[in-house]
Amino acid sequence: MSLLALATLLLSAALPSIASPYWTELSPANRDLFKRGSSTCGTGGVLSCTNTTAQNTCCFESPGGHLLQVQFWDTNPSTGPTNSWTIHGLWPDHCDETFDQFCDESRQYTDISGVRFFPSDFYRSYPLQILTAAGATDTLNFMNEFWKDQGGDDETFWEHEWGKHGTCMSTLVPSCLPKGSAAKAEAVDFFNTVVRLFQGLPTFTFLSSQGITPSSTATFTLSQLTSALKKASGFTPGLDCTSGVLNQITWYHELRGSVIDGTFVQIDAPQAGSCPSTGIKYPPKTGTTSTPPSGPSSTTTTGSSPTGPPGSLPTKSTLSIFQSGSSSKTGGLLTAGTWSTQTPATYTISGSTSSLTLSTSKGKCQVSGGSLTCGSSVTTASTFSAVTSGSQLLIAFGGSTSFSSDGVPSGTVQETVFTGTGHSKAFSIIVDAA
């Protein structure tokens, strides 16, 4: 009997729930253990770092009220796709930029992915490990591509980020979760949220949309980089360099509600990173390209298609809203660029799918401070693009088709439209030819 067969026999006797030495498919019941998290906190409430009086820390992130979504640009060695930054983590810094770490020894989980090396040269999946058991395969698959360790040990990297930072988030303390939550559900919520935030912050496309791409010869000033990022995203991040080489970016947020399902409100970086003012290098990676992160709804939309073949750009169109997880459209954009369930406005679309502007009867449309506005006060229209997804044509900004708002409108209520998925209600904007 071979070593592998013997090991399999022994382990099968010890763990009868494991039916195969390789991938073990979860039962439908197990897949439903971790549905999208809900904190019961809502998306309103007090914004973190804005109140010093006592709060319910299950619904008010404290003391780590600044939530930092940190990304890597690794080139030596290269990690991740050549056309995307990769995830470093999500850190709960105090409002004065100090921080806690490794806050709960009992929750230093070491079984994030459900994949362990056993025996030599064979990977085996165990159905009770965190993301695998949760049925969070979309999150795990995304992490396998966009959350990479330079040394190749992704699992240990994820364990470190959860143990060092995730355990310090007050809204993820297990006693704060809804009654009946599965064990370790807070870790699943942590990884889901990190991925969701990263998808709404496509740094590579933000820079490339402003003409800044990796180069073996060019150098950039700090002002060039931060100005480009602010123009594309509406906010100024922190940039870090090693020996003049750009290798990390930090996007700052404050939070209303829980890390699980609260509203992340982007802010400008309260402190500069380590990059010099001039001579910054942004070298290319080696490897392969990938579909850049662009939000959870960018490839799953269905419904009626615009007039003409897929990808054709009309000059007049209504812009409909398709919410993440929904099977139908929910209203559209009015003349001021707000989301409403009233009759949507007709937009004028000028340009091509790769570079277009929008306007309404009120005036030009612009993204400013991360939100969409159309009106006579807008002097310079923002540049958008249109991305084909199946039979649909989706509006994109900075390369991302992800937009969000603080709520779903009803009746005469209108909601502000924000770029990215930093607010509680994520959606795509669909071109419906008028």
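Residues numbered from 1 in each chain as written. Predicted model: local features only at pLDDT ≥ 70, side-chain atom pairs only at ≥ 80, totals over all residues. Heavy atoms only, no water.

To continue, consider the side chain of Gln69. Note on placement: Gln69 falls in strand β1 (residues 66–72). A distance of 2.8 Å separates polar atoms of two side chains, one belonging to Gln69 and the other to Gln71. Each residue touching Gln69, except ones within four places of it in the same chain, is listed here: Ile87, Gly89, Leu90, Leu197, Phe198, Leu201, Ile249, Thr250, Trp251 and His253. (Helix = DSSP H or I, 4+ residues; strand = E, 2+ residues; numbered from the N terminus. Polar contact = N/O pair within 3.5 Å; in protein donor to acceptor, adjacent residues only side chain to side chain. Contact = heavy atoms within 4.5 Å.)

This model, assessed by the stated rule, comprises six salt bridges. In this structure, Asp104 engages Arg107 in a salt bridge whose closest nitrogen and oxygen atoms are separated by 2.9 Å. For Arg107, a relative accessible area of 4% translates into the label buried. Across the salt bridge formed by Asp432 and Lys329, the nearest N and O atoms sit 3.0 Å from each other. Here Lys329 lies in strand β11 (residues 329–333) and Asp432 lies in strand β21 (residues 425–433), a separation of 103 residues in the sequence. (Salt bridge = Lys/Arg side-chain N within 4 Å of Asp/Glu carboxyl O. Buried < 20%, exposed > 50% of the residue type's maximum accessible area, 1.4 Å probe, protein only.)

Before going further, it helps to examine the UniProt feature "active site" (unreviewed entry) in the protein. Mapped onto this numbering, the UniProt entry gives "active site" (unreviewed entry) at His88, Glu161 and His165. In terms of the greatest pairwise C-alpha distance, the residues named above, spread along 78 residues, form a tight cluster of at most 11.3 Å across. Inspection of the secondary structure puts His88 in strand β2 (residues 86–93). Apart from the residues within four sequence positions on either side, His88 is in contact with Val70, Gln71, Phe72, Trp147, Phe157, Glu161 and Gln248. (UniProt positions renumbered as here; feature names shortened; annotations may be inferred.)

What follows covers the nonpolar core. For soluble globular proteins, nonpolar side chains are generally found buried alongside one another. If you look at the biggest cluster of nonpolar residues, it comprises 34 residues, and the most contacted ones within it are Ile112, Leu131, Met143, Trp147, Phe190 and Phe191. Mapped by element, the contributors of at least two residues to this core are β1, β2, α3 (130–134), α4 (137–146), α5 (154–164) and α6 (185–199). Ranked by the residues each element gives to this core, the list is headed by α6, at nine residues. With residues near it in sequence (within four places) discarded, Ile112 still touches Ile130, Leu131, Thr132, Met143, Glu155, Trp158, Glu159 and Phe191. (Core = buried A, V, L, I, M, F, W, Y, C linked by side-chain atoms within 4.5 Å.)

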